[in-house]
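# Working through the structure, step by step
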Amino acid sequence: MRPLTEDETRTVFEKLANYIGRNITHLINRPDDPHCFRLQKDRVYYVSESVMRFATSVGRVELMSLGTCLGKFTKTGKFRLHITSLDLLAQYARYKLWIKPNGEMSYLYGNNVLKAHVGKMSDDIPEHSGVIVFAMNDIPMGFGVTAKSTADARRLDPTGIVAFRQGDVGEYLREEDTLFT
């Protein structure tokens, strides 16, 4: 377990900024309990500083997980968000998209969000920006990248793709063997 380097920090913050914008400062500067980012086996964890201090007494080999796993670095150096970061992303989301009950199962099976499944969406969402997908009762279901802006999405036909899926809570079942290894 080690702190992130400057390049790693920049890569993680660029990815997070796509979804939560300037709210990254709320992740770092928490008045109740300060948190930090740590790297363990190519995975980035968001962990309380008090828990991090306790974890220093555990060896690297024995330590499996620590705090909330935000994602992992690929072998090419890119950062990929995991579904385990959904609670943090949903809490500070900049752009939101709600899907109707008839589109929930399709989304949870790993499909993209279609225009026919969109219940409502935030105003002025630009094209190719990060969006958090919610059910109509405000339960976070996943995150993705918009295929069209809000104005363009309103003019789409019902089978047009509004958002590309990046992660959904169905991954807990589909990838349970490899999610935490």
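Let me sum up the structure you'll find in this document. (Residues numbered from 1 in each chain as written. Predicted model: local features only at pLDDT ≥ 70, side-chain atom pairs only at ≥ 80, totals over all residues. Heavy atoms only, no water.)

This brings us to the pattern of salt bridges. Taken as a whole and judged by the stated rule, the model has nine salt bridges. Linking Arg53 and Glu49 is a salt bridge whose minimum nitrogen-to-oxygen distance equals 3.6 Å. Of the two residues, Arg53 and Glu49 both sit in helix α3 (residues 49–55), four residues apart, roughly one turn of that helix. Using a relative accessible area of 52% as the deciding quantity, one classes Arg53 as exposed. Here Glu49 falls in the partly exposed class, since its relative accessible area comes to 24%. (Salt bridge = Lys/Arg side-chain N within 4 Å of Asp/Glu carboxyl O. Helix = DSSP H or I, 4+ residues; strand = E, 2+ residues; numbered from the N terminus. Buried < 20%, exposed > 50% of the residue type's maximum accessible area, 1.4 Å probe, protein only.)

Turning next to the sheet that holds strand β1 (residues 2–3). The five strands lie next to each other as β1-β2-β3-β4-β5, forming an open sheet whose pairing is antiparallel. The strands lining the two open edges of the sheet, one partner per strand, are β1 and β5 (79–81). Across six bridges, strand β2 (residues 35–40) lies against strand β3 (residues 43–48) in antiparallel orientation. Within β3, the position partnered with Phe37 by the bridge is Tyr46. Together, β1, β2, β3, β4 (68–73) and β5 form the strand contacts of helix α1 (residues 6–20), whose direction differs from that of β5 by roughly 40 degrees. (Pairing = 2+ DSSP bridges. Contact = heavy atoms within 4.5 Å. Axes fitted to C-alpha atoms, helices over the stretch in contact; angles between N-to-C directions.)

So, about unusual backbone geometry. A positive phi angle, near 55 degrees, is found at Lys41, a position not held by glycine. One can find Lys41 in the loop between β2 and β3. For Lys41, a relative accessible area of 57% translates into the label exposed. The residue Asp42 is not glycine, and still its phi comes out positive at about 65 degrees. By the element assignment, Asp42 lies in the loop between β2 and β3.

This brings us to the sheet that holds strand β8 (residues 118–121). As summarised here, the arrangement of the six strands in space is β7-β11-β10-β9-β6-β8, forming an open sheet in which the pairing is mixed. For this open sheet the edge positions go to β7 (113–114) and β8, each flanked by a neighbour on one side alone. Strand direction decides the pairing type here: strand β10 (residues 140–146) and strand β11 (residues 161–168), joined by five bridges, are antiparallel. Pairing of Val145 across the sheet is with Phe164, part of β11. Seen against the sheet, α1 touches β9 (130–135), β10 and β11 and runs at an angle of roughly 50 degrees to β9. Where helix α5 (residues 101–108) meets the sheet, it contacts β6 (96–99), β7, β9, β10 and β11, and its direction lies at approximately 75 degrees from that of β10.

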